[in-house]
Amino acid sequence: MLIVVLMAAVTYIPRMLPLVFLRDIRMPPYLRACLQFIPYAVLGALIFPGALYSTGNISTAIAGIMGSAILAFLRLNLVIVVVGGILCAYLFGLL
Amino acid sequence: MYGRLLSMNESSNVNKSAEEQEARFTPAEANTAQTFAQGLKAGLPIAIGYLPIAIAFGLLARSAGVSLYVAVLMSLLVFAGASQFIAVNLLALGTQAWEIILTTLVINLRHFLMTASLSQRLAPELSKKWRSLLAFGITDETFTVASLQTPSILTAPFVLGLNLIAYSSWVLGTGAGVLLAGGLPAAIQASMGIALYAMFIGLLVPSLRNGLPVIVVVSAAVALQGLMNWVPVLSFLATGWKLVISASLAAMLGAAFYPEGVES
């Protein structure tokens, strides 16, 4: 119980501090550019190599990655990309 | 002041300006509801992706001997997938409490980078109260979806809608997982592990068209993560540190080459 509350605190603090206190700070251009690039850097680092191990089987994972990448390249809705990725991984596993 | 002076000259203007003001307020309110709905809609893929993971978390919590109450409370209060899985594992192993809390902190330090980036995107007039409320709902997924929205200023109702649908799915899924205990066939459950990655890919691929700077930063992040995971000395680092180091180095590299940022 106490563990859960303390976990909540150490999770909330890094989420809250920058959002609340960086608003009024004027950033130098370099830092501003850095922060602009963060979402893309985070996306790259989240996807690779985590996606490869996401289904417990590298080949079905690759099928899911390829499937969702193709759907995303076609600029389909994100829900379709997600469902399509799951289906590709599942169907490839049946082969 | 100026308006009052004018209306003193022409009393009929009072009604008119009141009407105008009302007319200005109603669309604004409609707009709030609309952007909230847009937020919910943008969060739908996250909700779909969270559900199976939350169910899996519930199942794991139950098999680790954690009660329904504690598992759901953890999802309600912590709302951070990776650290909850690890915490339940550590609890089952009988790990010391301080060690679990320290691990949680290290894993979730990455949110520091994300909220620092988001702090520049939220509407500047947004109060600290609102900001501290919205901060609670920032995860890898809500952050990436919010960041890749095209209007560069993010409004409170939008982010609230986005966070809320993701949060609801996470909490409900946890409860369902504990109660179900078993449920989905293993093959389906395994394939659903790809859901959030599919969403990240769905966000990343179209954004690569933003130009060379984005492509350079993404490639750098991928390469650095590869190093972090497969170079023996580095691979001992905790997962949380790996992501923080790779992402911030890649962003710094991008800013060094492209000081104008994403638009350069």
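Each value, and the rule that gives it
Residues numbered from 1 in each chain as written. Chains lettered and ligands numbered in written order. Predicted model: local features only at pLDDT ≥ 70, side-chain atom pairs only at ≥ 80, totals over all residues. Heavy atoms only, no water. Helix = DSSP H or I, 4+ residues; strand = E, 2+ residues; numbered from the N terminus. Buried < 20%, exposed > 50% of the residue type's maximum accessible area, 1.4 Å probe, protein only. Contact = heavy atoms within 4.5 Å. Areas by Shrake-Rupley, 256 points an atom, 1.4 Å probe, with all protein chains shown as cover. Lys, Arg positive; Asp, Glu negative; His and termini not counted. Salt bridge = Lys/Arg side-chain N within 4 Å of Asp/Glu carboxyl O. Domains from an automatic or database assignment. Buried area = accessible area lost by both parts, 1.4 Å probe. Polar contact = N/O pair within 3.5 Å; in protein donor to acceptor, adjacent residues only side chain to side chain. Nonpolar A, V, L, I, M, F, W, Y, C, P; charged D, E, K, R; others polar. Core = buried A, V, L, I, M, F, W, Y, C linked by side-chain atoms within 4.5 Å.

(A) Main features of the overall build of chain B. When its secondary structure is counted, chain B shows 13 helices and zero strands. Per-residue burial over chain B gives 47% buried out of 264 residues. In chain B, the share of contacts with a sequence separation of at least 24, taken over all contacts with a separation of at least 6, comes to 76%. Of the accessible surface of chain B, which amounts to about 12800 Å², a share of 68% is contributed by carbon and sulfur atoms.

(B) Molecular detail of the side chain of Glu141(B). Residues and elements named next belong to chain B. With respect to the element layout, Glu141 can be found in helix H8 (residues 140–147). There is no salt bridge for the buried Glu141, and the closest opposite charge comes from Arg110, which lies 6.5 Å off by N-O distance. Those residues in contact with Glu141, other than ones at most four positions away along the chain, are Ile46, Tyr50, Leu196, Met199 and Phe200.

(C) Seen up close, the domain arrangement of chain B. Residue and element names in this part refer to chain B. Domains assigned within chain B are domain 1 (36–192) and domain 2 (211–264). The C-alpha centroid of domain 2 is placed 23 Å from the C-alpha centroid of domain 1. The interface is formed by six residues belonging to domain 1 together with seven residues belonging to domain 2. In total, about 510 Å² of surface goes out of reach between domain 1 and domain 2, with carbon and sulfur atoms giving 89% of it. It is Val106, Arg110 and Leu113 that lose the most area in domain 1 upon contact with domain 2, and together they represent 70% of the buried surface on that side. Linking domain 1 to domain 2 there are zero salt bridges.

(D) View of the domain arrangement of chain A. Segmentation of chain A into domains returns domain 1 (1–47) and domain 2 (50–95). For domain 1 of chain A versus domain 2 of chain A, the separation of C-alpha centres amounts to 29 Å.

(E) Seen up close, the interface of chain A and chain B. Between chain A and chain B, the contact holds 64 residues from the first and 98 residues from the second. Both faces considered, chain A and chain B share a buried interface measuring about 6900 Å² in area, 78% of it formed by carbon and sulfur atoms. Looking only at chain A, the three residues that lose the most surface to chain B are Arg15(A), Leu19(A) and Tyr40(A), adding up to 12% of its buried area. Summed over the shared surface of chain A and chain B, the number is 19 residue pairs in polar contact (both at pLDDT 80 or more). Taken together, the elements giving at least two residues each to the side of chain A that touches chain B come down to helix H1 (2–21), helix H2 (29–47), helix H3 (58–73) and helix H4 (78–94) of chain A. For the side of chain A that touches chain B, the element with the most residues is H2(A), which contributes 18 residues. Looking at the side of chain A that touches chain B, its residues break down into 50 nonpolar, nine polar and five charged.

(F) Structural view of the nonpolar core. Met74(B) and Met199(B) are the most contacted members of the largest nonpolar core, which totals 96 residues. No other element matches the twelve residues that H2(A) contributes to this core. Setting aside anything within four residues of it in sequence, one finds Met74(B) in contact with Val4(A), Met7(A), Phe57(B), Phe79(B), Gln84(B), Ala87(B), Val88(B) and Leu91(B).

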